[in-house]
Amino acid sequence: MGALAVQEETFGDLLRSWRQRRRVSQLDLAIEADVSSRHISFLETGRARPSREMVMKLAEELEIPLRHQNRLLVAAGFAPVFREREVRAPEMEVVRQALDKILAGHEPYPALVVDRTWNLVAANSAAAMFMEGVPAELLKEPVNVMRLSLHPQAMGGRLVNLAEVRAHLLHRLRRQAEMSGDGELTELHDELASYVYEGVELNVAHVPGPADILLPLRIRAGDRVLSMFTTIATFGTPVDVTVSELAIETFWPNDDETAAAFH
């Protein structure tokens, strides 16, 4: 029996997939790209070939991640444009310096850097609180921050408002997987959604109260409950795949008691 043929992904198939993922019609994309809808149709069916400039223009209009823009270029017969360097590479020194300054400057509060699949890239010393009491198996490289957040033997077992935080994180992860087309994120979402927590009612909708501004993380820490909210920042104009996928998550005290505990 002969080997099964592996069908190469075509530019047209990829373009159609991203257009549908963004819920954009051929006409709407054509208007934004300043071409005819007929041309978009021909590109998707393979009756027309795009120039490299057209590939980049369509990718920009559809807000396609740099990693997948490279795939589009290759499928269209062009070389990838965006490089993917390791964070530890010498030419990434300026990025590492910026990350180190942000992480150190946020102390005494926790801050960490993650990649596109929420694997830990760097953290400040205050973030060690998230690793306390966590089984060694969950701290093997690469350490996944989403897994740490919801695993019953990690933060998932210490969150006072687990049901609300879990619903929020799973929704964020599902949307991120849908918008990025990243199968690894889908697998991670399905794993986290399968976790079982004894004695915890998960089907509880959070109804904001009059004083609520943000959904906090309420975490048991010894005999205290720390209440925090987070912000997420990214680099503004990346042209490197790795840099475009880095996110900096900073944790802030949600009340005076939590602030005092960190200080």
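Quick summary incoming for the structure in this document. Keep in mind that this is a model prediction, so the values were computed, not measured.

### Focus: the nonpolar core
Ranked by size, the top nonpolar core spans 31 residues in total, and within it F130, M146, L150, L173, L192, I219 and M228 carry the most contacts. Listed by contribution, the elements that provide at least two residues to this core are β1 (111-114), α7 (145-150), α8 (162-180), α9 (183-193), β3 (217-221), β4 (224-233), β5 (247-253) and α11 (256-262). With six residues, α8 is the single largest residue contributor to this core. Residues within four places of F130 in sequence aside, it is in contact with P110, L112, M155, R158, I219, M228 and F251. Of all hydrophobic cores here, the second largest spans 20 residues; its members include L14, L43, V55 and L72.

### What about the sheet that holds β3?
Ordered in space as β2-β1-β5-β4-β3, the five strands form an open sheet in which the pairing is antiparallel. Sheet topology places β2 (120-123) and β3 at the edges, where each strand pairs with a single neighbour. Across the sheet, the axes of successive neighbouring strands diverge by a mean angle of 30°, strand direction being ignored. Bridge analysis of β3 against β4 gives five bridges, and the strand direction is antiparallel.

### Regarding the pattern of salt bridges
One pass over the full model with this rule turns up 16 salt bridges. With its nearest N and O atoms 3.7 Å apart, the salt bridge here joins R85 to E91. Since its relative accessible area comes to 22%, R85 is described here as partly exposed. Its relative accessible area of 45% is what places E91 among the partly exposed residues. Put simply, E184 and R116 hold a salt bridge, and the shortest N to O gap is 2.8 Å. With E184 in helix α9 and R116 in the loop between β1 and β2, the pair connects residues that are 68 residues apart, well separated along the chain. Using a relative accessible area of 44% as the deciding quantity, one classes E184 as partly exposed. Judged by relative accessible area, which is 22%, R116 ranks as partly exposed. One salt-bridge network, held together by shared partners, links D13, R16, R19 and E44.

### Topic: unusual backbone geometry
Looking along the chain, the bond that leaves E107 and enters P108 is cis, with omega of 20°. Residue placement: P108 occurs in the loop between α6 (93-105) and β1. With an omega dihedral of -5°, the bond running from E141 to P142 counts as a cis peptide bond. Mapped onto the fold, P142 is located in the loop between β2 and α7. Even without glycine at this site, R23 takes up a positive phi of about 55°.

### Points about the side chain of Q69
Looking at the secondary structure, you find Q69 in helix α5 (residues 66-75). Sequence-distant contacts of Q69, defined by excluding residues within four places in its chain, comprise M56, A59, I64 and F82.

### Let's talk about the packing of helix α1 (residues 11-21) against helix α3 (residues 37-45)
At a minimum axis separation of 6 Å, α1 and α3 run at an interaxial angle of 120°. The orientation of α1 relative to α3 falls into the category oblique. Note on element contacts: α3 touches α1 through L43, E44 and T45, opposite F11, G12, D13, L15, R16 and R19.

### Remarks on the packing of aromatic side chains
Summed over all chains, the structure comprises three aromatic pairs. Taking the centre distance of 5.6 Å and the plane angle of 85° together, the rings of Y109 and F262 count as edge-to-face. Here the residue Y109 occupies a position in the loop between α6 and β1, and F262 occupies one in helix α11, the gap between them amounting to 153 residues. Centre to centre, the rings of F130 and F251 are 4.8 Å apart; their planes meet at 50°, and the pair counts as tilted. Of this pair, F130 sits in the loop between β2 and α7 while F251 is found in strand β5, placing the two residues 121 residues apart along the sequence. For the pair shown, F130 and F251 are each scored as buried.

Reading the values: rules and limits
- Throughout this document, residue positions are counted from 1 along each chain, in the order its sequence is written.
- Totals for whole chains, interfaces and linings use every residue, but because this is a predicted model, local features are given only for residues with pLDDT of at least 70 and side-chain atom pairs only at 80 or more, for both listing and counting.
- In computing side-chain values, all of the structure's heavy atoms are included and hydrogens and water are not.
- Only buried residues count toward a nonpolar core, which is a set of Ala, Val, Leu, Ile, Met, Phe, Trp, Tyr and Cys residues joined through side-chain atoms within 4.5 Å.
- Under the scheme applied here, a residue whose accessible area is under 20% of the maximum for its type counts as buried, over 50% as exposed, and between as partly exposed, the area being computed with a 1.4 Å probe on protein chains only.
- Think of it this way: any DSSP run of H or I at least four residues long counts as a helix, any run of E at least two long counts as a strand, and we number them from the N terminus.
- Any two residues whose heavy atoms approach within 4.5 Å are treated as being in contact.
- In this description, strands pair whenever DSSP reports at least two bridges between them.
- Under this scheme, a helix contributes an axis fitted over its contacting stretch, all axes are lines through C-alpha atoms, and angles between N-to-C directions fall in the 0 to 180 degree range.
- Each reported salt bridge corresponds to a side-chain nitrogen of Lys or Arg within 4 Å of a carboxyl oxygen of Asp or Glu.
- Small angles under 35 degrees read as roughly parallel and large ones over 145 as roughly antiparallel, with 65 to 115 read as roughly perpendicular and the rest as oblique.
- Under the pairing criterion, centres of Phe, Tyr and Trp rings, with the six-membered ring standing for Trp, must be within 6.5 Å; the plane angle then separates stacked pairs below 30 degrees from edge-to-face pairs above 60, leaving the rest tilted.

That is the geometry; function is a separate question.
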